[in-house]
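# Geometric and topological summary
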Amino acid sequence: MKISWVRRGNDLESFKMIKNLGFDVFDVEEPEKVDEIIRFSCS
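Computed from a prediction, not measured in an experiment: that's the story for all the values here.

## Remarks on the confidence of the model for the chain
When pLDDT is averaged across the chain, the result is 82; 95% of the residues are at 70 or more. Helix 2 (residues 34-42) is the least confidently modelled element of the chain, averaging 79 in pLDDT, while helix 1 (residues 16-20) averages 89, the highest of any element.

Listed below in structure tokens is the structure:
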């Protein structure tokens, strides 16, 4: 199982720990493109 995080571009939360644990973190500027990001990461 692959676990990834989707982060909005203007989100001020730090995902440094999550990235250091080896999880993917995808930054999304436009919320409408979340589906594209998820499809891309699954292929």
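On we go from here.
## Concerning the environment of I37
Among the secondary structure elements, I37 is positioned in helix 2. Residues I37 and N20 lie 17 residues apart in sequence; the distance between their C-alpha atoms is 21 Å. Ignoring any residue separated from it by four or fewer positions in sequence, one finds I37 in contact with F26 and V28.

## Observations concerning a nonpolar patch on the surface
A cluster of nonpolar residues, I3, W5, M17, L21 and F23, forms a patch on the protein surface that exposes about 520 Å² of accessible area. Take L21: it is sitting in the loop between helix 1 and strand 2 (24-28).

## Considerations on the environment of R39
If you trace the backbone, R39 turns up in helix 2. Separated by 24 residues in sequence, R39 and F15 place their C-alpha atoms 21 Å apart.

## As for the packing of aromatic side chains
For the structure shown, the criterion picks out one aromatic pair. Aromatic pair W5 and F15: ring centres 6.0 Å apart, planes at 65 degrees, arrangement edge-to-face. Separated by 10 residues along the polypeptide, W5 in strand 1 (residues 4-8) and F15 in the loop between strand 1 and helix 1 bring together distant segments of the chain. Under the relative-accessibility criterion, W5 is labelled partly exposed at 37%. F15 sits in the buried class, given a relative accessible area of 10%.

## Considerations on the pattern of salt bridges
Taken as a whole and assessed by the stated rule, the structure comprises one salt bridge. Here D27 makes a salt bridge to R7, at a shortest N to O gap of 2.8 Å. In this pair, D27 sits in strand 2 while R7 sits in strand 1, placing the two residues 20 residues apart along the sequence. Overall, D27 belongs to the partly exposed group, its relative accessible area being 40%.

The rules behind each value
Residues numbered from 1 in each chain as written. Predicted model: local features only at pLDDT ≥ 70, side-chain atom pairs only at ≥ 80, totals over all residues. Heavy atoms only, no water. pLDDT = per-residue confidence, 0-100. Helix = DSSP H or I, 4+ residues; strand = E, 2+ residues; numbered from the N terminus. Contact = heavy atoms within 4.5 Å. Patch = residues over 30% accessible without salt bridge, like charges linked within 9 Å, V, L, I, M, F, W, Y side chains within 5 Å. Areas by Shrake-Rupley, 256 points an atom, 1.4 Å probe, with all protein chains shown as cover. Salt bridge = Lys/Arg side-chain N within 4 Å of Asp/Glu carboxyl O. Phe/Tyr/Trp six-rings, centres within 6.5 Å; stacked < 30°, edge-to-face > 60°. Buried < 20%, exposed > 50% of the residue type's maximum accessible area, 1.4 Å probe, protein only.

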